[in-house]
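# Structural overview for review
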Amino acid sequence: MLCPNCFIEYVEVTFDCEIDGVVLHDVKALKCPRCQEEVFSPEQQQEIQKRACI
Ligand SMILES: [Zn+2]
């Protein structure tokens, strides 16, 4: 995926995030190395929803 602002390929990053009080470790997202914008790919969104039991 490309960042729509910079036209640079996002790089995959891993971090811990908290959703509704549930802490998820090693959550993967895509981050633009230039503007630092973070996005989730559809697969990553599914993974998060599965793990957060939303
Ligand atoms: Zn960008």
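Here is a short report on the structure shown in this document. (Residues numbered from 1 in each chain as written. Predicted model: local features only at pLDDT ≥ 70, side-chain atom pairs only at ≥ 80, totals over all residues.)

## Considerations on the overall build of the chain
Helix and strand content of the chain: one helix and three strands. The helix and strand sequence of the chain, counted from the amino end, reads β-β-β-α. Here the C-alpha coordinates of the chain stretch approximately 35 × 15 × 15 Å along the principal axes. The proportion of buried residues among the 54 residues of the chain is 2%. Within the chain, contacts between residues separated by at least 24 positions form 35% of all contacts whose residues are at least 6 apart in sequence. (Helix = DSSP H or I, 4+ residues; strand = E, 2+ residues; numbered from the N terminus. Buried ≥ 20, exposed ≤ 12 C-beta atoms within 10 Å, placed from the backbone. Contact = placed C-beta atoms within 7 Å.)

## Observations regarding unusual backbone geometry
A positive phi angle, close to 60 degrees, is found at Phe 7, a residue other than glycine. Counting through the fold element by element, Phe 7 comes out in the segment before strand S1 (11-19). Residues other than glycine seldom take positive phi values, yet Asp 26 does so here, at roughly 55 degrees. The residue Asp 26 is located in strand S2 (residues 22-31) in this model.

## Brief notes about the environment of Lys 28
Note that Lys 28 resides in strand S2. Here Lys 28 falls in the partly exposed class, since 14 other C-beta atoms lie within 10 Å of it. Setting aside residues no more than four positions away along its own chain, Lys 28 makes contact with Glu 12, Thr 14 and Gln 44.

## Some thoughts on the sheet that holds S2
If you walk across this open sheet you meet the three strands as S1-S2-S3, and the pairing is antiparallel. Edge positions in the open sheet fall to S1 and strand S3 (38-39), since each of these has one partner strand only. Relative to S3, S2 is paired through two bridges, and the arrangement is antiparallel. When the sheet's bridge partners are listed, Lys 31 is paired in S3 with Glu 38. Packing of helix H1 (residues 42-52) onto the sheet brings it into contact with S1 and S2, and relative to S2 it is tilted by some 180 degrees. (Pairing = 2+ DSSP bridges. Axes fitted to C-alpha atoms, helices over the stretch in contact; angles between N-to-C directions.)

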